[in-house]
Amino acid sequence: MISAPAQGAAPVWVSIEGINGVGKTSAARAVTAQLGERCLLLDELTDSRGTVLHGRIITALSEHGDPFLRAGHPVAETLALLALQIGKAERLSERDLTGVEVILEDRGVDSVAVYQAAILRSANPDSTPEAVASHIRCGFRRWRRLPDMTILLTDDPKECARRFADRIGRALTPADLHLLNEIDTLYRKVAADDPDYVQLDVAGMSQQWTAGAVGEIVAALLDRRTARAS
């Protein structure tokens, strides 16, 4: 049972993170369907296409067919993806959020921080990926609200890679698989050091179970906020 938020309170912001193929998009959509109008889903940036600015940028980054949006200019790509995350929040500020209790984000700034830190590592051998990810996250705080909670879904990277390859219709290269493993490791390190992270191991679990577990975490967050306000 999800309690009603305190009157006038801003919606809680929850970001769902994890490597490709872990099942976060399915979980986010299922929880959104369960909550109905009380939940606003912010789709993953890579789902953007078309003629609007953010769609054109994603299309440009995708045109080489790289599964991680690598187009050969990792610093510029990092800045572009961060700008898209800021633009997401700017567009949200123009919306009427009356009745919305939860903003559920399918990938947020930490996707940019973690993925790009792993990608940038080869160009910055003197910096650890943890340091690069932290630098990206800290700089972002100036421009956009960070989530109240981040739910990290984890699974066997090999199984995630298989599902990801099935989804994009082609096999991942050994270099792609190595990068995905590095991203998984970095996500787990970030989660271990951040009290606003909740790590949920979904290995061997169904999509229905995963969605239910994510929904319970969101419900508990809302209940805690309501209890503090009362």
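Keep in mind that what you see is a predicted model, and the values were worked out from it rather than measured. (Residues numbered from 1 in each chain as written. Predicted model: local features only at pLDDT ≥ 70, side-chain atom pairs only at ≥ 80, totals over all residues. Heavy atoms only, no water.)

**Topic: the environment of Arg38**
For Arg38, the location among the structural elements is in the loop between helix 1 (24-35) and strand 2 (39-42). Of the residues examined, Arg38 reaches a relative accessible area of 29% and is grouped as partly exposed. Along the sequence, Arg38 and Arg167 sit 129 residues apart, while their C-alpha atoms lie 30 Å from each other. (Helix = DSSP H or I, 4+ residues; strand = E, 2+ residues; numbered from the N terminus. Buried < 20%, exposed > 50% of the residue type's maximum accessible area, 1.4 Å probe, protein only.)

**So, the nonpolar core**
Leu153, Ile183 and Val214 are the most contacted members of the largest nonpolar core, which has 60 residues in total. Here this core takes nine residues from helix 4 (residues 109-120), the largest share from any one element. Those residues in contact with Ile183, other than ones at most four positions away along the chain, are Ile19, Phe68, Val114, Tyr115 and Ala118. Counting residues in hydrophobic clusters, the runner-up holds six residues, among them Leu40, Leu42, Leu92 and Ile103. (Core = buried A, V, L, I, M, F, W, Y, C linked by side-chain atoms within 4.5 Å. Contact = heavy atoms within 4.5 Å.)

**A short note on helix 4**
The end-to-end C-alpha distance of helix 4 is 16 Å, a good match for the 16 Å that twelve residues give at a rise of 1.5 Å each. Within helix 4, twelve of the twelve residues are buried, which leaves the element mostly enclosed by the surrounding structure. When helix 4 is considered as a whole, its buried residues turn out to be Val109, Asp110, Ser111, Val112, Ala113, Val114, Tyr115, Gln116, Ala117, Ala118, Ile119 and Leu120. Tucked inside the fold, the buried residues of helix 4 contact strand 1 (12-17), helix 3 (74-92), helix 5 (129-140), helix 7 (174-193) and strand 5 (197-201). (Expected span 1.5 Å × (residues − 1).)

**Topic: the sheet that holds strand 2**
Backbone hydrogen bonds hold the strands of a sheet together, and the pairing may be parallel or antiparallel. Taken together, five strands build an open sheet; the order of strands is 2-3-1-4-5 and the sheet is parallel. This sheet does not close on itself; its edge strands, each paired only once, are strand 2 and strand 5. The average angle at which neighbouring strand axes cross in this sheet is 20 degrees, direction not considered. By the bridge criterion, five bridges tie strand 4 (residues 149-154) to strand 5 in an arrangement that is parallel. When the sheet's bridge partners are listed, Thr150 is paired in strand 5 with Tyr197. Along the sheet, helix 1 makes contact with strand 1, strand 2, strand 3 (102-106) and strand 4, crossing strand 3 at roughly 160 degrees. Relative to the sheet, helix 7 contacts strand 1, strand 4 and strand 5, its axis offset from that of strand 5 by approximately 130 degrees. (Pairing = 2+ DSSP bridges. Axes fitted to C-alpha atoms, helices over the stretch in contact; angles between N-to-C directions.)

Remember that the coordinates give geometry; whether it matters functionally is a separate question.
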